[in-house]
Structure formats: structure tokens, C-alpha cells
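Tertiary structure, described
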Amino acid sequence: MFPDTPTILDLFLTSNPAYAVTLSFPLGSSDHNFISVSYSISPISPQDPPEQRCLCRFASASWQDLRRYYDDFPWDDYCFCAERITEVIVSGMEA
């Protein structure tokens, strides 16, 4: 390897600010420096409480009413992202 070419370890340690890197002198007669890396791990707390789940009884659902609900929904005024579409589907099932 060429002396001026960064290694994968060099790139990782210099581009990842989450790690604290300490470079020490070589141990004994080694020609390699001692590298110490530390990383603080803390538990991730949920930002939102878990949503209440609902149980849908599809056998007793009125599919015609659900079709009417979706036909009448103002789709042109609604954002088409997965989260929003899920809200519309669930609101239709609840209605």
C-alpha cells in the first residue's frame, strides 16, 4: 500500500464523528501505533407511544360502503405518501 493512500480504517475513523479515537505510541518494539476507539451507547427511547391496534372483522365488513367512502374521498387534495395513504385506508375501515 502507498504511504499517502488512506486505508479503510483511516477513512472510517476520520469520517465517523460518533467514535472517539485516541492514537498512542507503539507497544514494545512494534512499528504500529496503538489505536483506541470508544463509542457511547445509550438506549433509544421511543419518541411516540405505540399506537393502539384495531382488530377488523373483514367477514362482517360492508365492502360497498368502503368502496363508496374511497370513491367520495378527495384524493386530489391529499398527499400521496405511504403514511397518509395508510391513514385514509384506516379511516375508511373505521367508518
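Residues numbered from 1 in each chain as written. Predicted model: local features only at pLDDT ≥ 70, side-chain atom pairs only at ≥ 80, totals over all residues. Heavy atoms only, no water.

What follows deals with the overall build of the chain. When helices and strands are tallied, the chain shows 3 helices and 2 strands. Its helices and strands taken in sequence order, the chain reads α-β-β-α-α from the N to the C terminus. Scored against the burial criterion, the 95 residues of the chain give a buried share of 5%. The long-range fraction of contacts in the chain, counting pairs at least 24 apart against all pairs at least 6 apart in sequence, stands at 15%. Carbon and sulfur atoms make up 58% of the accessible area of the chain, which totals about 9,000 Å². (Helix = DSSP H or I, 4+ residues; strand = E, 2+ residues; numbered from the N terminus. Buried < 20%, exposed > 50% of the residue type's maximum accessible area, 1.4 Å probe, protein only. Contact = heavy atoms within 4.5 Å. Areas by Shrake-Rupley, 256 points an atom, 1.4 Å probe, with all protein chains shown as cover.)

So, about the packing of aromatic side chains. Tallying each qualifying case throughout the model produces 2 aromatic pairs. Relative to Tyr70, the ring of Tyr69 lies with its centre 5.6 Å away and its plane at 70 degrees, an arrangement referred to as edge-to-face. Given a relative accessible area of 26%, Tyr69 falls into the partly exposed group. (Phe/Tyr/Trp six-rings, centres within 6.5 Å; stacked < 30°, edge-to-face > 60°.)

Moving on to a nonpolar patch on the surface. Where nonpolar side chains cluster on the molecular surface, the patch consists of Leu9, Phe12, Val21, Leu23, Ile35 and Val37 and spans about 500 Å² of accessible area. Counting only elements with at least two residues in the nonpolar patch, the list comes to helix H1 (8-15), strand S1 (19-24) and strand S2 (34-39). Structurally, Val21 can be placed in strand S1. (Patch = residues over 30% accessible without salt bridge, like charges linked within 9 Å, V, L, I, M, F, W, Y side chains within 5 Å. Salt bridge = Lys/Arg side-chain N within 4 Å of Asp/Glu carboxyl O.)

Before going further, it helps to spend a moment on the environment of Tyr69. Summarising the element assignment, Tyr69 is placed in helix H2 (residues 63-72). Residues Tyr69 and Met93, 24 residues apart in the sequence, show an inter-C-alpha distance of 9.2 Å. The residues contacting Tyr69, other than those within four sequence positions of it, are Val88, Ser91, Gly92 and Ala95.

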